[in-house]
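Chain by chain, the residues:
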Amino acid sequence: MEFNVKKLASDAGVFFSRAMQFTEEKLGQAEKTELDAHFENLLARADCTKNWTEKILRQTEVLLQPNPSARVEEFLYEKLDRKVPSRVTNGELLAQYMTEAANDFGPGTPYGKTLIKVGETQRRLGAAEREFIRSASISFLTPLRNFLEGDWRTISKERRILQNRRLDLDACKARLKKAKAAEAKAALWSDEVEKAEHELRLTQTEFDRQAEVTRLLLEGISSTHVNHLRCLHEFVESQTNYYAQCYQFMLDLQKQLGSSKGEIFSGTFVGNAESASPAAATSPPAVAAATLPAVPTIPVVPTIVGVPNAVAEGVLNPNEVKPPASGTRRARVLYDYEAADSTELALLADEMITVYSLPGMDPDWLIGERGNQKGKVPVTYLELLS
């Protein structure tokens, strides 16, 4: 019991001494031991690393999970050391709704078929997103968290100890200075000077030892940067794979919808033939006129109810088609396109081709020419130039 009382009294005295030294330094009434320039640079670099790591971590979490409530829930599960429950992605939920809607509308109807195709692609996109989030969390977020919750806490702890050692050292210097000033007046104070010098030697040793420990930890920040650089490369690779998958999924879907769109709209118009006027049944859609000007010099291919238009269905031989006297335009290809059959023209991204429309053509297709090659091309793969 007596030992505990003495220890508490000693701790209180140390705390009071440090508080006095700190206050006098702030008021400019006491000298402060300054660290060397290299040490100060290490401290500044460590603080900078910690601050930017926190910001990058938080914003990456927002990127991977935009829902703040979901982020809070995941944080609580992590703190409770429990597994985060699997959560359905937005793409997977949309796929579920589209599939259920298709079953209600009729999976054999044009709308139902398209809903199923789009829903399947949304499901694949959702699965790719889930894998990207998992990969990015393991390869990027976890190392950043480990640094902040592990290495940085150790560095902060050792820095606080170093700060206390410095305050103790400066307090001993102040006491020694006062003892020497008193010794000059009376020889009776020589014992106080010897005691103050002994305390100063001890505190100086402890300060130097702690400064070395802290310096080694601060220099380890360079290794942290190397580790985070490797993690950053892995994050970029995961993100690249994710977006490449999404791009390929959408290209496949676009090709599916493009190849079946003429058939879908043909079936729709035939089903509504009784309620549609003859003019509405045989006139090209308004979108075609907006895409390219009509060419009056080429006779219009008649459309018969129940019989698909030959031009729209790709029955014509593109090599037998002659470009109109007017109405041709230049176009830049946006994406690579692989021809589905001999009536289509394969495309390469960024190449320039000449395009024109024929009366009765599907508005989503044009005739494209590249030198002596000719064939149908999808409008969505082109940037029409004036």
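This is a predicted model, so every value here is computed, not measured. (Residues numbered from 1 in each chain as written. Predicted model: local features only at pLDDT ≥ 70, side-chain atom pairs only at ≥ 80, totals over all residues. Heavy atoms only, no water.)

A. Geometry of the overall build of the chain. Helices and strands together make up the secondary structure of the chain, namely nine helices and five strands. Its helices and strands taken in sequence order, the chain reads α-α-α-α-α-α-α-α-α-β-β-β-β-β from the N to the C terminus. Relative to its 386 residues, the chain shows a buried fraction of 31%. Summed over its atoms, the accessible surface of the chain is roughly 24,200 Å², and 58% of this surface lies on carbon and sulfur atoms. (Helix = DSSP H or I, 4+ residues; strand = E, 2+ residues; numbered from the N terminus. Buried < 20%, exposed > 50% of the residue type's maximum accessible area, 1.4 Å probe, protein only. Areas by Shrake-Rupley, 256 points an atom, 1.4 Å probe, with all protein chains shown as cover.)

B. The arrangement of the packing of aromatic side chains in detail. For the structure shown, the criterion picks out ten aromatic pairs. Summarising the aromatic geometry, the rings of Phe132 and Tyr242 are spaced 4.9 Å apart at their centres and angled 5° between planes, so their arrangement reads as stacked. Here Phe132, found in helix α5 (residues 110–183), pairs with Tyr242, found in helix α7 (residues 221–271); they are 110 residues apart in sequence, far enough to count as distant. Both residues of the pair, Phe132 and Tyr242, belong to the buried class. (Phe/Tyr/Trp six-rings, centres within 6.5 Å; stacked < 30°, edge-to-face > 60°.)

C. Summary view of helix α4 (residues 90–105). Taking 1.5 Å per residue as the helical rise, α4 with its 16 residues ought to reach 22 Å, and the 22 Å between its terminal C-alpha atoms agrees with that figure. When α4 is considered as a whole, its buried residues turn out to be Gly91, Glu92, Ala95, Met98 and Ala102. Summarising the axial view, the buried residues of α4 lie within an arc of 120°, below the 170-degree limit, and thus occupy one face. Every exposed residue of α4 that faces more than 90 degrees away from the buried side is listed here: Asn90 and Asp104. If you follow the buried residues of α4, they end up packed against α5. Looking at the residues trailing α4, positive phi occurs at Gly106, about 110°. (Expected span 1.5 Å × (residues − 1). Arc of directions from axis to C-beta. Contact = heavy atoms within 4.5 Å.)

D. Quick look at the sheet that holds strand β4 (residues 373–378). Pairing within the open sheet is antiparallel, and its five strands lie in the order β4-β3-β2-β1-β5. Either end of the sheet is taken by a strand with one partner, and the two such strands are β4 and β5 (382–384). Averaged over all pairs of adjacent strands, the angle between their axes in this sheet comes to 40°, without regard to strand direction. Here strand β1 (residues 329–333) pairs with strand β2 (residues 352–356) via four bridges, running antiparallel. By the bridge assignment, Arg329 is partnered in β2 with Val355. (Pairing = 2+ DSSP bridges. Axes fitted to C-alpha atoms, helices over the stretch in contact; angles between N-to-C directions.)

E. Spotlight on helix α2 (residues 37–64). End to end, α2 covers 40 Å across 28 residues, agreeing with the expected 40 Å (1.5 Å per residue, within 8%). Every buried residue of α2 is accounted for by Phe39, Leu42, Leu43, Ala46, Thr49, Lys50, Thr53, Leu57, Thr60, Glu61 and Leu64. Backbone nitrogen of His38 and a side-chain oxygen of the N-cap are separated by 3.1 Å at the start of α2; the cap is Asp36. (Polar contact = N/O pair within 3.5 Å; in protein donor to acceptor, adjacent residues only side chain to side chain.)

F. Molecular detail of the packing of α4 against α5. Two elements in contact, α4 and α5, have axes whose closest approach is 7 Å; the angle formed by their N-to-C orientations is 165°. On the basis of the axis angle, α4 is roughly antiparallel to α5. Here α4 and α5 pass one another in a crossing that is left-handed. On the side of α4, the interface is formed by Gly91, Glu92, Leu94, Ala95, Met98, Ala101, Ala102 and Phe105, while α5 contributes Tyr111, Gly112, Leu115, Ile116, Val118, Gly119, Gln122, Arg123, Gly126, Ala127 and Arg130. Classifying every residue of the contact of α4 with α5 by side-chain character gives eleven nonpolar, five polar and three charged. (Parallel < 35°, antiparallel > 145°, perpendicular 65-115°, else oblique. Left-handed = near helix turned anticlockwise from the far one by under 90°. Nonpolar A, V, L, I, M, F, W, Y, C, P; charged D, E, K, R; others polar.)

G. Looking closely at the side chain of Thr49. In this fold, Thr49 is placed in helix α2. With residues near it in sequence (within four places) discarded, Thr49 still touches Phe147, Ile221 and His225.

H. Structural context of the pattern of salt bridges. Counting across every chain of the model gives 18 salt bridges. Residue Glu120 is joined to Arg123 by a salt bridge in which the shortest nitrogen-to-oxygen separation is 2.5 Å. Residue Glu120 and its partner Arg123 are located together in helix α5, separated by three residues, close to a single helical turn. Residue classification places Arg123 among the partly exposed positions, given a relative accessible area of 40%. With its nearest N and O atoms 3.6 Å apart, the salt bridge here joins Glu369 to Lys374. Of the two residues, Glu369 and Lys374, neither departs from the other in class, the shared state being buried. Salt bridges here are not isolated pairs; linked through shared partners, they connect Arg58, Glu61 and Arg145. (Salt bridge = Lys/Arg side-chain N within 4 Å of Asp/Glu carboxyl O.)

I. Quick peek at the nonpolar core. By size, the foremost hydrophobic cluster in this structure holds 34 residues, and its most contacted members are Phe39, Phe132 and Leu218. Only α2, α5, α6 (190–219) and α7 provide two or more residues apiece to this core. The leading source of residues in this core is α5, at 16 residues. Setting aside residues up to four positions removed in sequence, Phe132 forms contacts with Leu64, Phe235, Ser238, Gln239 and Tyr242. (Core = buried A, V, L, I, M, F, W, Y, C linked by side-chain atoms within 4.5 Å.)

J. Broad picture of the confidence of the model for the chain. On average, residues of the chain score 81 in pLDDT, and 78% of them reach the 70 mark or higher. Segment residues 265–315: pLDDT under 50, and 55 contacts once partners within four positions in sequence are set aside and those in other chains are kept. (pLDDT = per-residue confidence, 0-100.)

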